[in-house]
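Residue strings, one per chain:
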Amino acid sequence: MLTELQFNQYLDRHKLSYEAREYFTTTRNQQASRMVGARATTNICSWFYSEKMGHTVSSESYSAERAFIVINEYDNSVFELWDQPEPVPIKKYTKKGGGRTSWYTPDFVVYKSPGPTVYEVKDRSSVLCALEKSPENWVVEPDGKITYLPAKEYFESIGIKFEVWVASKDIRYRVFNLEMALNSRSQERIKLLEHKIDAAFEESFCWSMFDLKNRLNLDSYTGIIQAIDNGELFFNWDSSLFSTPKGCFLVKQKSLLEYIDEFLGPKIYIDGFLSPITVEELPPNSYAQEALDRLEKIKNNEKGRTVRRWKSLINSGVREGLSEFQSLIPKWFFAGNRKRKINSVVETYLIDYLLGHHAESQGLSDYRSYIQYRVDAQVAHPMYPPVTRTTFIRRLRSIPPEVIARKRGGKRSANAAASPSDPTERQLKAEIGWQRAAIDHYLADIFLVFFDSGGIPHAMRPWVTAMIDLATGCVLAFSVSFSSPSKKSCAKVMRDCVRRHGRLPKGIIVDRGPEFKSVYFSALLAHSKIEPILRPTAHSRYGGEVEGLFGEFKKQWLTQRPGNLADYKEARGVDGKLAPKKRAILTAYDFFREFEAFVNWRDSNPRGIEIEAPRVRLSKHMREYPFVAISQSFDDEYALATAVESKKYKVDPQRGLHIGAMWYWSPEIKSFGGNKPSIEVRIDPENPHVVFGLIDNKWCPCFSSRINRYSALDPISQSVEGLIAVEAFNERQKIKQEADEEIVRIIRKMSEDSKANEVSQIVEFESDIRFDEENETSIFDKLKSAEIKPLNAESWEVKHVWGV
C-alpha cells in the first residue's frame, strides 16, 4: 500500500484533473460506501484479507468480484485496490432515446503502474443479459470490449479511465492457483538447491509436481510453489491445479510448456470437451435403425415411389456434405404443428390465472386448481370453453417452478425449487484441507440430564456447533451448548479448533445468522486474518456439508440412544410418562464423549469416491500444503480475543467482581483502593471461573475461588462444568425457586400439625433413588405424602405450647 507521499506523487505522475484527484482521494480516505450482500439473492459474499492493502476487501460475488480481487492482489503492477468507492451521478439512456439521472456505485478503484482505473465487474452471463435488455447502455466497442456507456461517459468527463472487467469460466484454474501461490508467501522461503533442480531437469524436460517433490526429497510442495511464484519454474496456470500434483507438470523454460501434451497420454476429458450434438449428427437407436432399413431396401434394388424419394434425399445430403446414412435419418423431430391452437383470449386468461390465483394459493393441488379455473373461466370468457386438464397441466409445467414457489413460499421456497447452475460455469470448490471450512448449528434431537435431585431428572436439549473442512469432509472442531446459537457458540468452536490442531482454516463459510454477522465474530476472524464468507440468504442448497454431518449423527447414532427425538412423529405419539424428556439418562459428559466417538468413527470411514478417509486426507494435506492453514496457538492473547464482549461491572475492592453466582478477584483490583468504579469485562465462553477486566489499560484475568480445582479436571469435565455453571444457570435457578417455595409449604404444614397435636413432629418417608417418571415438579414432592409421627424419647419428653 502506498504512503500518503507516494500516493500524491502517483497522482502527479499521471497528471489527473482536479475532479479526478478529489474522487480518488475521497475514495482512499473513506470506508466502503456500502455493505455488500444487502440485496444478494444467490451470491456468495466474502471479505478477502489483502496483504497488499493490510485490511479486508469485500466482494459481492465469488465467481466474478472475488476472482478480480485475487488477480489484482497477485499482480505486482497493482499498488492499491479499493472496493465500493463513492457513488457518482450518471445519465442512463431509455429505449426511446431519452435520459434519466441516477446514482451509480462502481465495484473497484485500482491504482496500478499504467494509471488509475475504475472498474465494473460482471460475469459473462450477466453481461450478455445486460446487452440484450439494455443495448442503449451496454455496448460492444470496436475492439470487442464491453462497456457500460453511462459510467464511461461520466468518468471520462473528469479524466478517469473506466473499464468493464468480464469474468468467464476460463479463469477458474488461474484464480485457484494464484490464491495458492499467495498463501505460500506466508511461509518462510524454502530455497530449492539449484544444482538439484538442474540435475532433475537434465533427466527430463518436464516433471509433475508429485514426482519432482519425491525427486528432490521434499516434505511438502511449498518450495516448488514458491519457485513457480518467483518465476524459477513454469506451468500452465489455466489448465493445471496445484491441488492435483500428479497432473501439474512443470518445466524450467517457459517456451517448453506447449510441448508437454505431446509426451502425455490422451485424457478422457478436458475442460470444454463436450457440447450438445444434434439428432441429425448422432441419431437415437430408433432413428438409426430406420435409416439402416432404408439403406438395405435401396441396396436390394427395391422399386417404388418411396425408394426414389430416399435416393433423392441421399443426393441432396451428399451435396451438403452428409453421408448416405445421415441423409436417410428420419426427420420425425420436425413433426407436429407448433402453431398455437388456443384462442388468444383463453390463452391470456389461463396464464393470468396460473401466475395469479394458482401461484398465490398455498397448498392448492393441481386438480383442485383446475376445477377452480374451469368455474372462473366460464365466467371470464363464456363464449370460449376452458382448456382441458392436459393443456392446463402442460401450461403450468412450462412456467419456471421458482416463480410459483416464490409466490407460495417466499425466497427460501423459490431457491429450493430453482434449477441448479451449470457445473462447468462454477468456480472451483475447496480442493485442499484447511482452504475452506463451514460452521453451523444443530439443536440435537435428544434430552440430556443437567440436574438430578435423587429421583427426578431435569433435562434439556443441547445445541451442537460444528466446523467441517469442505475439501476433505473432516470435522475440525465442535462445541456443545445449552443456550441458543450466539457469539459464545462461535467462540467455543473456534477455540476447540485451535486447541486440537494449532491452526485455523483460511476461509470460513457461514449463513446469515445474527451471531455470524455480528461485529464480534467479524473482529475474531480479522484477528487471525480469516476470510469470512456468507452463504446466500434463504438458500437450502448451501451448507449441505455440515447439515449432512448432523443428519448422519441423528440417523446413525441418536436413534440408538435413550431420550432421543430422532423420530419426531413417534415422540409426539407416545404417552406422557414415556416421553423422551422423561426417559433421558445421558448427561452432558456422556454426550461429549459420544459425539467425539461418532466424529472419530465418521472421519475414518469412506466418503464419496475418495480412496482415503477424511482424517487421512486432512493429515496428508497438512503435511504437503502446510501454508494453506493459518497457524494459531492457544495462548493468553487468543483466549482474550475469543472472550465474549460484555457490559461494565462495578468493582468491590474487598470482594472483586460479582458476576452471576460467583465472585472474581485479581490482585490488580487493589489499585482501586476504596473506590467502586465500573470496568469493562469480557466473559470467557468456556471457563466459568475466569473473566477479563480492563484495569489500568490492561486486560487482567480475574479468577473465582474454584479455579485451582477446575484446573485439575479432565478436558471433558472442564467443558461440562462451564456448560452447567453458566448455560444451565437459569434452569437451575428455576428448580431452586421451586424448592424454596416447597419448603415454605412443608414448614407451614408441620406447624399446623404441631398445633393440632401439641407435640413436636418428625417426618418419615421411604428413600427411593429410582426415577419418578410421573412427577418432576420439585425435589420435595415426596415430602407431601410422607407420614408424620410424634417424636418419642426414652427419658424425656418435649412439649411446645403453640399460639396464645
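Model, not experiment: these values are computed from the prediction.

**A closer look at the pairing of strand β13 (residues 436-443)**
Then comes step 1: In terms of burial, β13 is a largely internal element, seven of the eight residues being buried.
Then comes step 2: Judged from the three bridges that link them, β13 and strand β19 (residues 507-510) form a sheet pairing that is parallel. Bridged to A438 within β19 is I509.
Then comes step 3: Two elements, β13 and strand β16 (residues 463-469), share seven bridges in a ladder whose sense is antiparallel.

**Side note on the side chain of N177**
Then comes step 1: Residue position: N177 is located in helix α6 (residues 172-184).
Then comes step 2: Ignoring sequence-local partners within four residues, the contact set of N177 consists of F235, W237, S240, L241 and F242.

**Brief notes about the sheet that holds strand β25 (residues 678-683)**
Then comes step 1: Here six strands make up an open sheet; going across it, the order is β24-β23-β22-β25-β26-β27 and the pairing antiparallel. A single partner strand is all that each edge strand has here, and the edge strands are β24 (662-664) and β27 (698-703). Neighbour to neighbour, the strand axes of the sheet diverge by 40° on average, direction disregarded.
Then comes step 2: As paired elements, β25 and strand β26 (residues 690-695) share three bridges and run antiparallel to each other. From the neighbouring strand, I683 faces β26, where its bridge partner is V691.

**Quick word on the packing of aromatic side chains**
Then comes step 1: Counting across every chain of the model gives 39 aromatic pairs.
Then comes step 2: Pairing F478 with F592 gives two aromatic rings, centres 6.4 Å apart and planes at 35°, and the pair type is tilted. In this pair, F478 sits in strand β17 (residues 475-481) while F592 sits in helix α21 (residues 588-602), placing the two residues 114 residues apart along the sequence. For the pair F478 and F592, one class covers both residues: buried.
Then comes step 3: Feature note: the residues F7, Y10, Y23, F24, F79, Y104, Y111, W138, Y148, Y154, F155 and F162 constitute an aromatic cluster, connected by ring pairs.
Then comes step 4: Above the ring of Y221, the side-chain terminus of K213 is found at 5.3 Å from the ring centroid.
Then comes step 5: Directly above the ring of W699 sits R682, whose terminal nitrogen or CZ lies 5.6 Å from the centroid.

**Observations regarding the packing of α21 against helix α25 (residues 715-727)**
Then comes step 1: Orientation of α21 relative to α25, taken along the N-to-C sense of each, is 130°, at an axis distance of 9 Å. Regarding the angle of α21 to α25, the classification is oblique. In the crossing of α21 with α25, the sense of the turn from one axis to the other is right-handed. When α21 is examined against α25, the residues A588, Y589, F592 and R593 are found in contact with a partner set consisting of I716, S717, S719, V720 and L723.
Then comes step 2: Grouping the constituent residues of the contact of α21 with α25 by class yields six nonpolar, two polar and one charged.

**What about the side chain of R436?**
Then comes step 1: Its place among the elements puts R436 in strand β13.
Then comes step 2: With relative accessibility at 6%, the residue R436 sits in the buried group.
Then comes step 3: Engagement of the side chain of R436 in a polar contact is seen with the side chain of Y62, the distance being 2.6 Å.
Then comes step 4: Polar contacts involving the side chain of R436 include one to the side chain of E179, which spans 2.7 Å.
Then comes step 5: Those residues within four positions of R436 in sequence are excluded, and the remaining contacts are Y62, R66, E179, A430, I468, D469, L470, G507, E531 and I533.

Conventions adopted
- Residues numbered from 1 in each chain as written.
- Predicted model: local features only at pLDDT ≥ 70, side-chain atom pairs only at ≥ 80, totals over all residues.
- Heavy atoms only, no water.
- Buried < 20%, exposed > 50% of the residue type's maximum accessible area, 1.4 Å probe, protein only.
- Helix = DSSP H or I, 4+ residues; strand = E, 2+ residues; numbered from the N terminus.
- Pairing = 2+ DSSP bridges.
- Contact = heavy atoms within 4.5 Å.
- Axes fitted to C-alpha atoms, helices over the stretch in contact; angles between N-to-C directions.
- Phe/Tyr/Trp six-rings, centres within 6.5 Å; stacked < 30°, edge-to-face > 60°.
- Lys NZ or Arg CZ within 6 Å of the ring centre and 35° of its normal.
- Parallel < 35°, antiparallel > 145°, perpendicular 65-115°, else oblique.
- Left-handed = near helix turned anticlockwise from the far one by under 90°.
- Nonpolar A, V, L, I, M, F, W, Y, C, P; charged D, E, K, R; others polar.
- Polar contact = N/O pair within 3.5 Å; in protein donor to acceptor, adjacent residues only side chain to side chain.

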